[in-house]
Every structure is written in structure tokens, then in C-alpha cells.
Amino acid sequence: MANVENLTLEIETIDERKVNIGETAALLLVACAIGTMANYVATGVGALEAFPGMAILFLCSVAGLIMARFVPLALPSVAWVSLFAIVITIPGVPGSAWVVEQAGKINFLSLATPALAYGGLALSAKEFAIARKSGWKIVIVAICVMLGTYLGSVVIADLTLRVFS
Amino acid sequence: MSHSRALGADKLALHGIVLAIVVIAEAIGVLRIPIGIAAVVLLPMLYAFAMGIAINPNITRATARVLTPNVQKFAGAMITIAITPFVAKFGTTVGPQIEAIIEAGPALILQEIGNLGTIVVAFPVAVYLLGMGRETVGAVYSIDREPNLALIAEKYGLDSPEGAGVMGVYATGTLIGTFIFAIMPTLIHGMGVFDIRALAMSCGVGSGSMLAACTGALTTAVPDQTDLILGLAGASNVLTYATGLYVGLFIALPLTQWLYRKARPELY
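Residues numbered from 1 in each chain as written. Chains lettered and ligands numbered in written order. Predicted model: local features only at pLDDT ≥ 70, side-chain atom pairs only at ≥ 80, totals over all residues. Heavy atoms only, no water.

K.L.:
Help me out: how do you make sense of the overall build of chain B in this one?
P.N.:
Counting its regular elements, chain B contains 13 helices and two strands. Relative to the compact-globule value of 18 Å for 268 residues, chain B shows a C-alpha radius of gyration of 20 Å, a close match. If one aligns the C-alpha atoms of chain B with their principal axes, the spans along those axes are about 55 × 45 × 40 Å. Expressed as a percentage of its 268 residues, the buried residues of chain B come to 58%. The contacts in chain B between residues at least 6 apart in sequence include a share of 68% that link residues at least 24 apart. Surface summary for chain B: the accessible area is close to 10,600 Å², and the carbon and sulfur share equals 66%. Of the charged side chains in chain B, 14 are positive and 15 negative; the average position of the first set lies 9 Å away from that of the second. (Helix = DSSP H or I, 4+ residues; strand = E, 2+ residues; numbered from the N terminus. Rg over C-alpha atoms; globule rule 2.2 N^0.38 Å. Buried < 20%, exposed > 50% of the residue type's maximum accessible area, 1.4 Å probe, protein only. Contact = heavy atoms within 4.5 Å. Areas by Shrake-Rupley, 256 points an atom, 1.4 Å probe, with all protein chains shown as cover. Lys, Arg positive; Asp, Glu negative; His and termini not counted. Charge placed at Lys NZ, Arg CZ, Asp CG, Glu CD.)

If you want it as C-alpha cells, here you go:
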């Protein structure tokens, strides 16, 4: 067990302006390859058929990284990635129908599976120790926090939808 | 440098383990366990996470030779990278739904305020029911994912009581968040009170894995609305990415501090 005395997480506040784009792109390829395999097992869509869709997602990801790296706006790269993916799929944008068709061959749940596998393997002794030491009170509070953010949004959204329709 | 980092043998072993886990998890597939009016939905990402924890060297000593602390740290960096194509996929579901999203626009924007629900629900529980101290402020002001953790680290330092609170909820959320977000939406949907669009857009809480679990559960419960659910959830998640930090800094954290001073004036 690692040093459990000093229970402060070293949070990696990844400075997205210092990200090595080439290296991250290579690792993105690895993630996309594992994602393609996950998609195949889940849906039966082969690598060749999934390739255009996967390539689109890869390119959006890299474009997002580049924007976060060079545009002086406090937007995280995931926000840029989302914006690119949204814009190229809006009806009327040239090629959007094709992009939607290709991306539709990729099962969204299969793309989350690799991230969670890395997540389970990445948990450090410190994280286990913090969860253990924080005790049952924090577990209850954490569940209330998750319930609160979800239910709070649901209630407001539902009421607003009723008012505006 | 970059080659050694991306292509070292130990890192390839890590990717290999992940690939094996993913294939097993996807082969099991989505399971629905009916309980009364609702159903608990078990998703491949949950099995993948559970298998990852089971193999984690802090649980199973035998893997420590391959999964060294360095490789584990690298695995942590891979989470962010592996979730990026997922985020992109989510974006591609937003464009085609743009009309439905604009129609739901006011709700979509206003429900961001609902993220303050963490305070409404968790603050009284922490202060009055559990008698917690200043940890409360860090614990309940937000959903306590990475950006929120960074904010508390900057304001109080992580070795403060507030820091202990935010880290406790962060670690707990990391361990059980996916599970909670896989069962909660279906149970709330089972109540039959709320619009499916409201349930969908509330999935965008600013965490990729919670978004995935939440939408996975909802689309399994209401498969014929899959496109609408993904589009609204994706749009809401982008909004949270963009607004989350500012809401935390200017509204949620000051509000929680103020409430705490009112509730425990003797401590200030």
C-alpha cells in the first residue's frame, strides 16, 4: 500500500495548452481501435464498415484538441470536440446526412466501455484509502449530491417544458 | 520521449488488458432486471469498471508487476483520451435533433440551474442529519468532478476540511457514480411523472461516464426515443461543460458558504 498518510489527491489539472498533440492523437488511435472492437462485439458491425464513422469521431477529437491548444478561450477540449461534431451533423450542412449515417453505425455505449475499463485499472491506493477513510457519511452525501443534481434538473426542465408547450 | 510513452511494453500490456475486459463486457451486453414498475439496467461499462477494479493491483496483488504505479497513472490519462471519441459520438447525435433541441431551448438552459440541486438535497442531510463540519461546503456545492475539485483545491487547498469533503465525494463518485446514474434515471422514469425530454437533458451533468450510464439506462427503458434522448442529453452536457465552472465559482460555492455560515455561525 502506498503512502496513505498523506491523503491528498494529486489532481492532474491537465493544462490543455501543453498537451502534446501528436502523442495524444496516437493514443486516440489506440482508443478508437479498442472502441471499434467493442462496437463489433456489441453490434456485429465490422471494422471496415465502422471505419468511416470511427474516422469522423477521431478527426473531431483531434480538431477539438487543437482548438483547445491554440484558441485563447477558456473552453475545455471536450467542448470543442462536441461543437465540431454538432456542426457537421446539422441538417443542411454539406455532407451532414452522410456523417450522421456513418456515425450511426457506432454504438455510443460501446465507446464508453474502454474509458471505464481504464478507470477501474487506474484507481490508486490513495483513492481507495480516501473512499475508505471518508466513511459512510460521505457515501450518503455523495448519493444525495448525485440525486440532487439529477432531480433538480429534471424538475426544472419538466416545469419549463410544461410552461412553454 | 513520445515513443517510449505511447508504445512501451508495459503500456501495450495495459491496452491489451483493457481490450480483453472490453470484449468480455460487450459480450455480456445490456441486462435488464425488472423490479416492480421500473427496471435496473446493467451496462457493459459497469462490468468493465468492475473488472478493472477486480484486476486493480490495490485489490489483486498479483497484477502489481504489470500494472505499476506508472502504468496506473498512464491509465488515468487514458480515461480522458478514451472518453473523447465518445464525446464526439454524442455530438453527432445533437445535430440531427437540432429542431427538437431549439424547441426545448428554455428548458435546456434553465435546467442548468438544477445542478444547484446538489445543495438543496445534500446540504441539509450533511449539516443537520449527519452533523458534518466544513467538509460540507466542498462536498455539496457541486457534483465534485475534476473541474470542481480543481476549484476547491485553488480556493482552500485539498488538505483543508473543504478539500476533504470534495475529495471524499469525488472518490465515492468515481467508485459508484456510474452505478448510481445507471439505476436512478430508470427509477425516476418509472414514477411516470416526468417528460422523457426532461429526464434526458438532465443526464448532462458534466461527467462522461455518468452521461453514458444515464443515457444508456434511459434508451434501454424507452428505445423508440433513442435519438431524441441522446440529442438532448448531448446538448445539455455541452452546456454543462461550458457553464459548470462559472456556476460553481460565482453561484454555487458562495451560496454554499453563505448557507454554512447561517447554519453553523458558532464555527466562524
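K.L.:
Would you explain the UniProt feature "transmembrane region" (unreviewed entry) in chain B in this entry?
P.N.:
Residue and element names in this part refer to chain B. The sites that carry the UniProt feature "transmembrane region" (unreviewed entry) are, in the present numbering, residues 12-31, 37-55, 113-131, 164-184, 196-218 and 238-260. This span, residues 12-31, is 85% helix and 5% strand, and a straight line between its end C-alpha atoms measures 31 Å. Along residues 238-260, the helical share is 100% and the strand share 0%, with 30 Å between the first and last C-alpha atoms. (UniProt positions renumbered as here; feature names shortened; annotations may be inferred.)

K.L.:
What is the right way to look at the state of the cysteines in this model?
P.N.:
Cysteine pairs can be covalently joined through their sulfur atoms, and such a bond is termed a disulfide. With the rule as written, the count across this model stands at one disulfide over all chains. The residue that forms a disulfide with cysteine 203 of chain B is cysteine 214 of chain B, at a sulfur-sulfur distance of 2.0 Å. Looking along the S-S bond of the cysteine 203 of chain B-cysteine 214 of chain B disulfide, the torsion reads about -65 degrees, which is the left-handed sense. With cysteine 203 of chain B in the loop between α11 (196-201) and α12 (208-221) and cysteine 214 of chain B in helix α12, the pair connects residues that are eleven residues apart, well separated along the chain. With respect to class, cysteine 203 of chain B is no different from cysteine 214 of chain B; both count as buried. In this model cysteine 32 of chain A remains outside any disulfide bridge; the closest cysteine sulfur is found in cysteine 60 of chain A, 11 Å from its own. The exposure class of cysteine 32 of chain A is buried, given its relative accessible area of 6%. The class for cysteine 60 of chain A is buried, based on a relative accessible area of 6%. (Disulfide = S-S within 2.5 Å.)

K.L.:
Help me understand the packing of aromatic side chains, please; the structure alone is not making it clear to me.
P.N.:
The geometry of two aromatic rings is summed up by the distance between their centres and the angle between their planes. Applying the stated rule across the entire model yields three aromatic pairs over all chains. A centroid spacing of 5.6 Å and a plane angle of 90 degrees characterise the contact between phenylalanine 108 of chain A and phenylalanine 90 of chain B, whose relative ring orientation is edge-to-face. Of this pair, phenylalanine 108 of chain A sits in helix α5 (residues 108-122) while phenylalanine 90 of chain B sits in helix α4 (residues 69-94), each in a different chain. Look at phenylalanine 108 of chain A and you get buried, because its relative accessible area is 6%. Residue placement shows lysine 11 of chain B over the ring face of phenylalanine 74 of chain B; its charged tip is 5.2 Å from the ring centre. (Phe/Tyr/Trp six-rings, centres within 6.5 Å; stacked < 30°, edge-to-face > 60°. Lys NZ or Arg CZ within 6 Å of the ring centre and 35° of its normal.)

K.L.:
Just to check I follow, could you spell out the pattern of salt bridges for this structure?
P.N.:
Between side chains of opposite charge, a pair can form when the charged atoms approach closely. In total, this model carries three salt bridges over all chains according to the counting rule given. In this structure, arginine 162 of chain A and aspartate 158 of chain A form a salt bridge, with 2.6 Å as the shortest nitrogen-oxygen distance. Of this pair, arginine 162 of chain A and aspartate 158 of chain A both sit in helix α6 (residues 125-163), separated by four residues, roughly a single helical turn. Measuring nitrogen to oxygen at the nearest pair gives 2.9 Å for the salt bridge that ties arginine 197 of chain B to aspartate 195 of chain B. (Salt bridge = Lys/Arg side-chain N within 4 Å of Asp/Glu carboxyl O.)

K.L.:
Explain the interface of chain B and chain A to me, please; I cannot follow it from the model alone.
P.N.:
A common way to report how large an interface is uses the accessible area buried once the components associate. On the chain A side, the residues contacting the 117 residues of chain B number 89 residues. Between chain B and chain A, roughly 8,600 Å² of surface is buried when both sides are summed, and carbon and sulfur atoms account for 81% of that area. Of all residues in chain B, Glu26, Lys89 and Leu130 of chain B bury the most surface against chain A, accounting for 7% of the area lost on that side. Counting the contacts that link chain B with chain A gives zero salt bridges. Here chain B and chain A share 19 residue pairs in polar contact (both at pLDDT 80 or more) between them. At 21 residues, α4 of chain B tops the list of elements feeding residues into the side of chain B that touches chain A. Looking at the side of chain B that touches chain A residue by residue, the classes come out as 80 nonpolar, 30 polar and seven charged. (Buried area = accessible area lost by both parts, 1.4 Å probe. Polar contact = N/O pair within 3.5 Å; in protein donor to acceptor, adjacent residues only side chain to side chain. Nonpolar A, V, L, I, M, F, W, Y, C, P; charged D, E, K, R; others polar.)

K.L.:
I tried to follow the nonpolar core on my own but got confused; where do I start?
P.N.:
General note: in soluble globular proteins, nonpolar side chains tend to be found buried as a group. In terms of nonpolar packing, the biggest core is built from 137 residues, with Val141 and Tyr150 of chain A together with Phe86 and Phe181 of chain B touching the most fellow members. It is α6 of chain A that provides the largest number of residues to this core, a total of 13 residues. Both domains that meet at this core, namely domain 1 (1-122) and domain 2 (126-165) of chain A, each give it at least three residues. When near neighbours in sequence (up to four residues on either side) are disregarded, tyrosine 150 of chain A contacts Phe181, Met184, Pro185, Ile188, Leu199, Ser202, Cys203, Cys214 and Leu218 of chain B. (Core = buried A, V, L, I, M, F, W, Y, C linked by side-chain atoms within 4.5 Å. Domains from an automatic or database assignment.)

K.L.:
Would you explain the pairing of strand β1 (residues 31-35) of chain B in this entry?
P.N.:
In the case of a regular strand, side chains alternate between the two sheet surfaces. Residues and elements named next belong to chain B. Across five bridges, β1 lies against strand β2 (residues 38-42) in antiparallel orientation. When the sheet's bridge partners are listed, leucine 31 is paired in β2 with leucine 42. In textbook terms, the turn of a hairpin is the stretch between consecutive antiparallel strands, and for β1 and β2 this stretch comprises two residues, one of which, glycine 36, has a positive phi near 60 degrees. (Pairing = 2+ DSSP bridges.)

K.L.:
I would appreciate a short explanation of α5 of chain A in the present structure.
P.N.:
Every α-helix carries 3.6 residues per turn, so stepping three or four residues along brings you back to the same face. The end-to-end C-alpha separation of α5 of chain A is 22 Å, in line with the 21 Å expected for 15 residues at 1.5 Å each. Most of α5 of chain A is tucked away, with 15 of its 15 residues classed as buried. (Expected span 1.5 Å × (residues − 1).)

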